[in-house]
Amino acid sequence: MTTAADEAKVLADVPTGLLIGGTWQDATGGRRFDVLDPSTGSTLVSVADASPEDAVRALDAAVGAQDAWAATAPRTRSDILRRAWEAVQARRDDIALLMTLEMGKPLAESLGEVTYGSEFLRWFSEEAVRITGRYGVNPEGTGRTIVSQHPVGPCYLITPWNFPLAMATRKIAPALAAGCTVVVKPAELTPLTTLYVARLLEEAGLPPGVLNVVPTTTAAAITEPLLADRRLRKLSFTGSTPVGVKLLQQAAGNVLRTSMELGGNAPFVVFDDADVDAAVEGAMLAKFRNIGQACTASNRFLVHEAVADEFADKLTARVQALPIGRGTDEGVRIGPLINEAAVGKAEELVQDAVERGATVRIGGGPIDRPGTFYSPTVLDRVPPGSDILRTEIFGPVVGIARFATEDDAVRLANNTEYGLVSYVYTKDLARGQRMIERLETGMMGLNAGVISNASAPFGGVKQSGIGREGGFEGIHEYLSTKYTMTPSPFA
Ligand code: ADP
């Protein structure tokens, strides 16, 4: 339990200006906007609201800092990221509280995100000094090939609200490690964590202009001139598929490098040979972490008919016991959804499924209390064709559909334009391997309900995105490959 004094202290400590060229500034015309606490609807603090001119000034700063930053010794870049990681560790509790205040997730989950999200700073501090190329002899023996890696140049990073720390560090850390400068546009619903961590990065020794942050209420308006500017070389976006598609169209004009982490519609497949208790445990994590508001959240539970009753009974019992409340309260597992629109969406999806014949095992509607709460819900026997099987729910709603054969499971799982992650529970090794090969997703949890890790290449296929974040792959999103031919020195 945190006190009002703890909350006031951390809020007073957040920089609330735009970070441009190493200074914290007001927005043009002094425009500001309020950041709200979704568990109460009250205003936490107001922050500067960047205009298109402010965004272009931020790009000017990033462009101005690019050459010197690219020429910095990798060890220097590494040390800065490492110091920033240490600074985040030292302020774990404050950053977790800030995330809970602006986003609503339970404090325990925010602490988990501090560990996960800060790890990108440490992981990429280690990758910064391991950017390598290769030297080879061409097959004819007449030439020498040199392959080298170079920073792509100034980047524009757009992040969503659901993981305020991790979504920022997952882009900022590899970009800086690679030698790129950045303009970051955090989600307007949750800009505070990014602003706070940006200051820690500055204090860790980032030169002015390398990291610029422009919160705004007019995302489309500030994005357009940036994507149209030839000096920008890269866009990395995490958010919904429709916005991602629009940004890809805009990015095409300048043939920008892009990394796109878009929506998901994760199947959670439980076979009849699964350890059902383990599957229930995994389902609780895959569904209810972040109050269901994750692109990796399991969206469709496909359960073999022989174990579906047992799975639904056990899951319902677990859901019944979930403590609901403000994320700052002791023991809470389910906080509010991010806003009214999110509650409305959950309501519509549940209503559609019920009208088509789904059974409500538990929950099934908003909770009557201040803030934007929706009750944890389990729907069973969700009929094919229900909207909830096609749409990313982004809320604490389980929809169970039953299948009879492995081929059915694969067909149902792949029956979506998304391809981010799948979860599979089976004790049969060969079946697990078949699922790795047959399910059309960029990631899989095989008897695992949580897959995110800084050392792993996170990303999707189909309309879930392009590119990978984290892992050895993550830094390459911010590097371009150059090939040089030289004659054989023995010619
Ligand atoms: P979500 O449903 O998670 O809010 P969005 O795709 O709407 O997903 O938002 C993700 C991020 O994209 C946020 O930072 C938001 O401000 C930004 N965004 C939304 N629309 C646009 C747009 N037209 N141009 C640029 N950024 C946008």
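Here the residue numbers are simple positions, counted from 1 along each chain's written sequence. Owing to the predicted nature of the model, reporting of local features is limited to residues with pLDDT of at least 70; listing and counting of side-chain atom pairs is limited to 80 or more, with chain, interface and lining totals taken over all residues. Side-chain measures were taken over the full set of non-hydrogen atoms in the model, leaving aside hydrogen atoms and water.

### Notes on the state of the cysteines
As a reminder of what qualifies: Two cysteine sulfurs form a disulfide in these notes if their separation is within 2.5 Å.
According to the stated counting rule, one finds zero disulfides in the structure shown. A disulfide-free cysteine, Cys180 has its sulfur positioned 4.0 Å from the sulfur of Cys155, the nearest such atom.

### Section: the domain arrangement of the chain
The criterion, for reference: Domain start and stop points were drawn from an automatic or database domain assignment. What makes two residues a contact is simply this: any of their non-hydrogen atoms within 4.5 Å. Values labelled buried area give the accessible surface lost by two parts on being combined, using a 1.4 Å probe and summing over both. Any Lys or Arg side-chain nitrogen found within 4 Å of a carboxyl oxygen on Asp or Glu counts as a salt bridge. Two N or O atoms form a polar contact when they lie within 3.5 Å of each other; inside protein one atom must be a possible hydrogen donor and the other a possible acceptor, and for residues adjacent in sequence the pair counts only when both atoms belong to side chains. Secondary structure follows DSSP: runs of H or I at least 4 residues long count as helices, runs of E at least 2 residues long count as strands, and numbering of each begins at the N terminus. For this scheme, ten residues count as nonpolar: Ala, Val, Leu, Ile, Met, Phe, Trp, Tyr, Cys and Pro. Four count as charged, namely Asp, Glu, Lys and Arg, and the remainder, Gly too, count as polar.
Under the domain assignment, the chain is made up of domain 1 (4-262 + 465-482) and domain 2 (266-453). In this structure, domain 1 and domain 2 have C-alpha centres spaced 30 Å apart. Facing the 25 residues of domain 1 at the interface are 28 residues of domain 2. In total, domain 1 and domain 2 occlude about 2,000 Å² of area from one another, counting both sides; carbon and sulfur atoms represent 58% of this. Here domain 1 is connected to domain 2 by two salt bridges. Among the salt bridges present, the one from Arg326 reaches Glu7, with a minimum N-O distance of 3.2 Å. Along the contact surface separating domain 1 from domain 2 lie nine residue pairs in polar contact (both at pLDDT 80 or more). Breaking the side of domain 1 that touches domain 2 down by element, the ones donating at least two residues are helix H4 (92-103) and helix H5 (107-127). At five residues, the largest contribution of residues to the side of domain 1 that touches domain 2 is made by H4. Class assignment of the residues belonging to the side of domain 1 that touches domain 2 gives a composition of 11 nonpolar, seven polar and seven charged.

### Section: unusual backbone geometry
What counts here: Categorising residues by exposure relies on relative accessible area from a 1.4 Å probe, with only protein chains included: less than 20% of the type maximum marks a residue as buried, more than 50% marks it as exposed, and the intermediate range marks it as partly exposed.
Residue Ile291 is not a glycine yet carries a positive backbone phi of 60°. Within the secondary structure, Ile291 sits in the loop between helix H10 (276-288) and strand S13 (298-304). Taking relative accessible area as the criterion, Ile291 reaches 0% and is therefore assigned buried. Residue Asn447 is not a glycine yet carries a positive backbone phi of 60°. Position of Asn447 among the secondary structure elements: in the loop between strand S19 (443-446) and strand S20 (461-462). Accessibility expressed as a relative area gives 41% for Asn447, which makes it partly exposed.

### Some thoughts on the nonpolar core
Rules: We call a set of buried Ala, Val, Leu, Ile, Met, Phe, Trp, Tyr and Cys residues a nonpolar core when their side-chain atoms join them within 4.5 Å.
Leu176, Leu192, Leu201 and Leu211 are the most contacted members of the largest nonpolar core, which totals 66 residues. Among the elements that take part in this core, helix H6 (residues 166-178) stands out by supplying nine residues, more than any other. When residues no more than four places from it in sequence are discounted, the contact partners of Leu211 are Leu19, Ile172, Val182, Val184, Ala198, Leu201, Glu202 and Leu206. Core analysis: the second largest hydrophobic core is formed by 54 residues, Ala279, Val303, Ala358 and Ile388 among them.

### Considering the site of the ligand
The condition is simple: Proximity is defined per residue: any heavy atom of the residue falling within 4 Å of a molecule or strand makes that residue near it. What sets the accessible areas is the Shrake-Rupley method with a 1.4 Å probe; for residues, cover comes only from the shown protein chains.
Taken together, 16 residues surround the ligand, and among them Thr159, Trp161, Lys185, Glu188 and Ser240 come closest. Between the ligand and Ser240, the relevant distance is 2.7 Å, taken from an oxygen atom to a side-chain nitrogen or oxygen of the residue. A total of 550 Å² of accessible area belongs to the ligand in isolation, and the protein chains cover 78% of it. Among the elements of the structure, helix H8 (219-227), strand S10 (234-238) and helix H9 (241-252) are those that each provide at least two residues to the shell around the ligand.

### Describing the packing of aromatic side chains
To keep it simple, the criterion reads: Only centres within 6.5 Å qualify two rings of Phe, Tyr or Trp (six-membered ring in Trp) as a pair; their planes then separate them into stacked at under 30 degrees, edge-to-face at over 60, and tilted for everything else. We call a charge positioned above a ring when the Lys NZ or Arg CZ atom is no farther than 6 Å from the ring centre and deviates by at most 35 degrees from the ring normal.
For the coordinates displayed, the defined rule picks out nine aromatic pairs. Taking 5.3 Å as the distance between ring centres and 70° as the angle between the ring planes, the aromatic pair formed by Tyr116 and Phe120 counts as edge-to-face. On the criterion of helical spacing, the pair formed by Tyr116 and Phe120 is a turn pair, its members being four residues apart in helix H5. Accessibility expressed as a relative area gives 15% for Tyr116, which makes it buried. For the ring pair Trp161 and Phe394, a centre distance of 5.7 Å and an interplane angle of 85° mean the geometry is edge-to-face. You can see Trp161 sitting in the loop between strand S7 (155-158) and H6 and its partner Phe394 sitting in the loop between helix H13 (387-390) and strand S16 (397-403), a full 233 residues away along the chain. For Phe394, a relative accessible area of 19% puts it in the buried group. Taken together, the ring pairs in this structure connect Phe268, Phe301, Phe311, Tyr423 and Tyr425 into an aromatic cluster. If you follow Arg199 out to its NZ or CZ, it ends over the ring of Tyr196, 5.6 Å from the centre. Stacked on the ring of Tyr478, the Lys or Arg Lys234 has its end atom at 4.9 Å from the ring centre.

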